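Residue-level listing of the chains:
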Amino acid sequence: MHIFGSPRQLVTLRGDMEQLNGKCAFVTGGASGIGLGIARVLVDAGLRVMIADIRKDHLETALALFESLGKSRSVVAMELDVTDREGFARAADEAYEKLGAVHVLVSNAGVGIAGPVATATFDDWDWGLDVNLGGAVNAVCTFLPRMIAQRQGGHIVTTSSLSAITPSPRNATIYATAKAALMAMTEAMRDELADHRIGVSVLLPGPFKTNIREAGRYRQPRYRSRSGYRAEEERLATREDAPEWSDPLDAGRMVLDAIRANQLYVITHGEYRGWAEVKFEGILAAYPPPKDPDRARAMGRTRTVKPA
Ligand SMILES: NC(=O)c1ccc[n+]([C@@H]2O[C@H](COP(=O)([O-])OP(=O)(O)OC[C@H]3O[C@@H](n4cnc5c(N)ncnc54)[C@H](O)[C@@H]3O)[C@@H](O)[C@H]2O)c1
């Protein structure tokens, strides 16, 4: 028995979600960008999906899109602020009432908070952590007991970011803090949830064409008055997407494959691998030689583990 568990379990656990047709999903931040891309792909795969989002205009646009695709019977929408725990409980009640069950939980809602750490206020930290990390905590606390109780297996997807592995050089401290915690949270849940036939995946996106630039304009009032990032957020809101950034449907397709295979890490952009290599080489180099080489050998070498 290892105190820290075995890294083998991180990559090789089998899932229970190969057959998704007829199952049901709940997607936070599901009315725009990557969340909408995931919802669309899940609907195409035969799931019924509840999209939950803080922005009514996004929900209306998303519903109109599903209608135009002839898929409106597969989708229900709900206004939800993921930082609102009572609202989450109501959303879960409504999801179970309308869908009958939730097999796939996608904690995707997030805000691209960006600014120098030196001018960040508590409002900035609270907003960045409450939405990006707290939203996923609230989702797990609300839905996991129900998913376990329904005894049908399931899958939890958490949208993190490549910033979790290699933060952008500047202005990403709050965002990267939350996103790295999401990655650790997903990794840490994996072994325990396997006992309930619930798989987990962490989506680590690179750049996508979405509405994330607008997030600051929709800060909830309680996080707004003492923000140190107003100027940054107004600048960010006018940023244009670069043509090479990806289509959110691509993220959706990768997530669908990951759910079916119970694949832990979903990395969308291979271009960033070099940054990860630099980081992980640094981490590996920082490990001292083991005091007990036999024990180290018995604990196994992670390098030989191949994803399932
Ligand atoms: N766009 C990228 O390049 C990129 C890269 C890495 C990670 N991500 C992550 O992907 C996720 C989705 O972002 P996106 O880029 O699609 O942005 P987006 O703004 O297009 O979509 C996010 C949705 O979440 C909703 N939302 C925001 N705060 C919420 C709250 N408190 N409660 C409920 N819904 C809320 C927004 O209204 C929006 O509809 C986020 O977690 C983001 O951090 C995005």
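Since we're looking at a predicted model, the values are computed, not measured.

Engineer: Looking at this structure, how should I read helix α3 (residues 56-68)?
Structural biologist: Each turn of an α-helix holds 3.6 residues, which means side chains three or four residues apart point in the same direction. Here α3 is 13 residues long and its end C-alpha atoms lie 18 Å apart, about the 18 Å a rise of 1.5 Å per residue gives. Taken together, the buried positions of α3 are occupied by H58, L59, A62 and F66. Seen along its axis, α3 keeps its buried residues to an arc of 100°; they face one direction. The exposed residues of α3 that point more than 90 degrees off its buried face are K56, D57, E60, A64, E67 and S68. Where α3 is buried, its residues meet α2 (33-44), β2 (48-53) and β3 (75-79).

Engineer: Would you mind going over the packing of α2 against helix α8 (residues 248-261) with me for this structure?
Structural biologist: Helix packing for two helices is described by the angle between their axes and how far apart those axes are. Two numbers describe how α2 lies on α8: the axes approach to 7 Å, and their chain directions differ by 55°. When the interaxial angle is binned, α2 and α8 end up oblique. The two elements α2 and α8 cross, and the hand of that crossing is right-handed. Facing G33, I34, L36, G37, I38, R40, V41 and L42 of α2, the residues of α8 in contact are P248, L249, A251, G252, R253, V255 and L256. Looking at side-chain class alone, the contact of α2 with α8 contains ten nonpolar, three polar and two charged residues.

Engineer: Just to check I follow, could you spell out the site of the ligand for this structure?
Structural biologist: Around the ligand sit 30 residues, and of these G29, S32, G33, G110 and T210 come closest. It is α2 that provides the largest number of residues to the shell around the ligand, a total of three residues. For the shell around the ligand, the class distribution of residues is 13 nonpolar, 14 polar and three charged.

Engineer: I'm lost on the confidence of the model for the protein in this one. Help?
Structural biologist: Interpretation of this model should avoid reading the predicted coordinates in detail wherever pLDDT is low. Here the protein averages 93 in pLDDT, while 93% of its residues score no lower than 70. Ignoring residues within four places in sequence, the model shows residues 303-308, a span with pLDDT below 50, making ten contacts including any to other chains.

Engineer: Help me understand the pairing of β2 in this model?
Structural biologist: Working note: regular strand, side chains alternate between the two faces of the sheet. Counting buried positions along β2 gives six out of six residues, so the element sits mostly inside the fold. Judged by which residues are buried, β2 turns out to be covered on both faces: R48, M50 and A52 on one side and V49, I51 and D53 on the other are all buried. Across five bridges, strand β1 (residues 24-28) lies against β2 in parallel orientation. What sits directly across from F26, in β2, is M50. Across five bridges, β2 lies against β3 in parallel orientation. Bridged to I51 within β3 is A77. Viewed along the sheet, the connection from β2 through α3 into β3 turns out right-handed.

Engineer: Is there a simple way to think about the packing of helix α4 (residues 85-99) against helix α5 (residues 122-150) in this case?
Structural biologist: Packing of α4 against α5 brings their axes to within 9 Å, and their N-to-C directions diverge by 35°. Judged by the sense of rotation from one axis to the other, the crossing of α4 with α5 is right-handed. Contacts between α4 and α5 involve R85, F88, A89, A92 and Y96 on the former and, on the latter, N138, A139, T142, F143 and R146. Here the contact of α4 with α5 is composed, by residue class, of six nonpolar, two polar and two charged.

Engineer: What's the story with the environment of Y223 in this structure? I'm lost.
Structural biologist: Counting through the fold element by element, Y223 comes out in the loop between β6 (198-204) and α7 (230-237). Classification of Y223 by C-beta neighbours within 10 Å gives buried; the count is 22. C-alpha separation for the pair Y223 and D130, spaced 93 residues apart in sequence, amounts to 9.9 Å. Those residues in contact with Y223 that lie beyond four places of it in its chain are D123, D126 and W127.

Engineer: Please clarify how the nonpolar core should be interpreted in this entry.
Structural biologist: Among soluble globular proteins, nonpolar side chains are generally buried collectively. Ranked by internal contacts, the top residues of the largest apolar core, which has 77 residues, are A25, F26, L42, V49, I51 and V255. The element that contributes the greatest number of residues to this core is α5, accounting for eight residues. For V255, the contacting residues outside a window of four places in its chain are I38, V41, V157, S201, L203 and V266.

Engineer: Would you mind going over α4 with me for this structure?
Structural biologist: Between its first and last C-alpha atoms α4 spans 20 Å; for 15 residues at 1.5 Å apiece the expected length is 21 Å, and the two agree. Where α4 is concerned, the buried positions are F88, A91, A92 and A95. Seen along its axis, α4 keeps its buried residues to an arc of 100°; they face one direction. Exposed residues lying more than 90 degrees from the buried face of α4 are E86, D93 and E97. In this structure, the buried side of α4 is in contact with β1, β2, β3 and α5. G100 sits one or two positions beyond α4 and adopts a positive phi of about 90°.

Basis of the calculations
- Residues numbered from 1 in each chain as written.
- Predicted model: local features only at pLDDT ≥ 70, side-chain atom pairs only at ≥ 80, totals over all residues.
- Helix = DSSP H or I, 4+ residues; strand = E, 2+ residues; numbered from the N terminus.
- Expected span 1.5 Å × (residues − 1).
- Buried ≥ 20, exposed ≤ 12 C-beta atoms within 10 Å, placed from the backbone.
- Arc of directions from axis to C-beta.
- Contact = placed C-beta atoms within 7 Å.
- Axes fitted to C-alpha atoms, helices over the stretch in contact; angles between N-to-C directions.
- Parallel < 35°, antiparallel > 145°, perpendicular 65-115°, else oblique.
- Left-handed = near helix turned anticlockwise from the far one by under 90°.
- Nonpolar A, V, L, I, M, F, W, Y, C, P; charged D, E, K, R; others polar.
- Near = placed C-beta within 6 Å.
- pLDDT = per-residue confidence, 0-100.
- Pairing = 2+ DSSP bridges.
- Right-handed = clockwise from strand over helix to strand, strands pointing away.
- Core = buried A, V, L, I, M, F, W, Y, C linked by C-beta atoms within 7 Å.

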